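Chain by chain, the residues:
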Amino acid sequence: KFDHKHLIVFTKYPEVGKVKTSLIPKLGPEGASEIHSTLVKHTLHEAKLLQTAKSIEVAVCYSGGDENLMEEWLGKNVSYIPQSDGDLGSRLSLAFENAFSNHSEGVIIIDSNCPDLDFKLLKDAFDALEYNDVVLGPTNDGGYYLIGLRGAIPELFKNIEWGTEEVFNKTLRVAKDLDLYTFLLKPLDTIDSSGNIEIFNRVQ
């Protein structure tokens, strides 16, 4: 069993007009920012629930804002790590590399776009990571909401058109080409792609 596990939440500081921009036409900049903030807090709440069942370190890897603003927003009882520069793939890859260089044996990165992502799914993901090289949680729009690794695998994050419906399939294809044991969680809707604000009510 892993002794040292990391759960990293990838997110943005909720600056009005710069988050959940796909929802701005429907909700306005403030409404979109509010949904973003609520979803991040929901995701962090589920991560902390998981800590009552498993020994894991939780960190928030953020863009926008700074550490003080993040602490004001989400509190001081969590680690904050600024995201690196570059596209999403290079930022994810570097976050994994940094966690493994800090002696982590299993690392899972999640986003905060899925109201149905709960601590049970996160527990299932860490359980699966004990016996698999890669754990993926696909989204219904072709991306993924969760990726877990037992070691740095930079190839999984190269030559992928982020934000397209090919992200999950391409990642899965690379994992198979590398002969990696891969475990798939159930697919979830994201608040961005469903176009259905009703799913947001699940975290209210």
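Here we summarise the structure given alongside this text. (Residues numbered from 1 in each chain as written. Predicted model: local features only at pLDDT ≥ 70, side-chain atom pairs only at ≥ 80, totals over all residues. Heavy atoms only, no water.)

A look at the environment of Gly106
Locating Gly106 in the fold gives a position in strand β4 (residues 106-110). Residue classification places Gly106 among the buried residues on the basis of a relative accessible area of 0%. (Helix = DSSP H or I, 4+ residues; strand = E, 2+ residues; numbered from the N terminus. Buried < 20%, exposed > 50% of the residue type's maximum accessible area, 1.4 Å probe, protein only.)

Side note on the pattern of salt bridges
Enumeration according to the criterion identifies 4 salt bridges in this entry. One salt bridge connects Lys18 with Glu15, and the closest N-O pair in it is separated by 3.8 Å. Overall, Lys18 belongs to the exposed group, its relative accessible area being 53%. Here Lys54 makes a salt bridge to Asp127, at a shortest N to O gap of 2.8 Å. You can see Lys54 sitting in the loop between α1 (24-51) and β2 (57-63) and its partner Asp127 sitting in helix α4 (residues 119-129), a full 73 residues away along the chain. (Salt bridge = Lys/Arg side-chain N within 4 Å of Asp/Glu carboxyl O.)

Comments concerning the side chain of Thr43
By secondary structure assignment, the location of Thr43 is in helix α1. If sequence neighbours within four positions are ignored, Thr43 has contacts with Val9, Ile110, Asp111, Ser112 and Leu117. (Contact = heavy atoms within 4.5 Å.)

Focus: the packing of α1 against α4
Orientation of α1 relative to α4, taken along the N-to-C sense of each, is 55°, at an axis distance of 8 Å. As the angle between them shows, α1 and α4 are arranged oblique. Judged by the sense of rotation from one axis to the other, the crossing of α1 with α4 is right-handed. Residues Glu46, Ala47, Leu49 and Leu50 of α1 form the contact with α4, whose participating residues are Phe119, Leu122, Lys123 and Phe126. Residue classes in the contact of α1 with α4 are distributed as 6 nonpolar, no polar and 2 charged. (Axes fitted to C-alpha atoms, helices over the stretch in contact; angles between N-to-C directions. Parallel < 35°, antiparallel > 145°, perpendicular 65-115°, else oblique. Left-handed = near helix turned anticlockwise from the far one by under 90°. Nonpolar A, V, L, I, M, F, W, Y, C, P; charged D, E, K, R; others polar.)

Looking at the sheet that holds strand β7 (residues 182-184)
Strand order across the open sheet formed by 7 strands is β3-β2-β1-β4-β6-β5-β7, with mixed pairing between neighbours. The sheet is open, and its two edges are formed by β3 (79-82) and β7, each paired on a single side. For this sheet the average axis-to-axis angle between neighbouring strands, irrespective of direction, equals 20°. Pairing analysis gives 4 bridges linking β2 to β3, with the strands arranged parallel. Note that in β3 the partner of Tyr62 across the bridge is Pro82. (Pairing = 2+ DSSP bridges.)

A few points about the packing of aromatic side chains
A full pass over the atoms with the stated rule returns 5 aromatic pairs. Seen from their ring centres, Tyr62 and Tyr80 are 6.4 Å apart, and the 75° between their planes marks the pair as edge-to-face. Of this pair, Tyr62 sits in strand β2 while Tyr80 sits in strand β3, and the two are 18 residues apart along the sequence. On the accessibility criterion, Tyr62 (8% relative accessible area) is buried. What links up through ring pairs into an aromatic cluster is the set Phe96, Phe100 and Phe157. (Phe/Tyr/Trp six-rings, centres within 6.5 Å; stacked < 30°, edge-to-face > 60°.)

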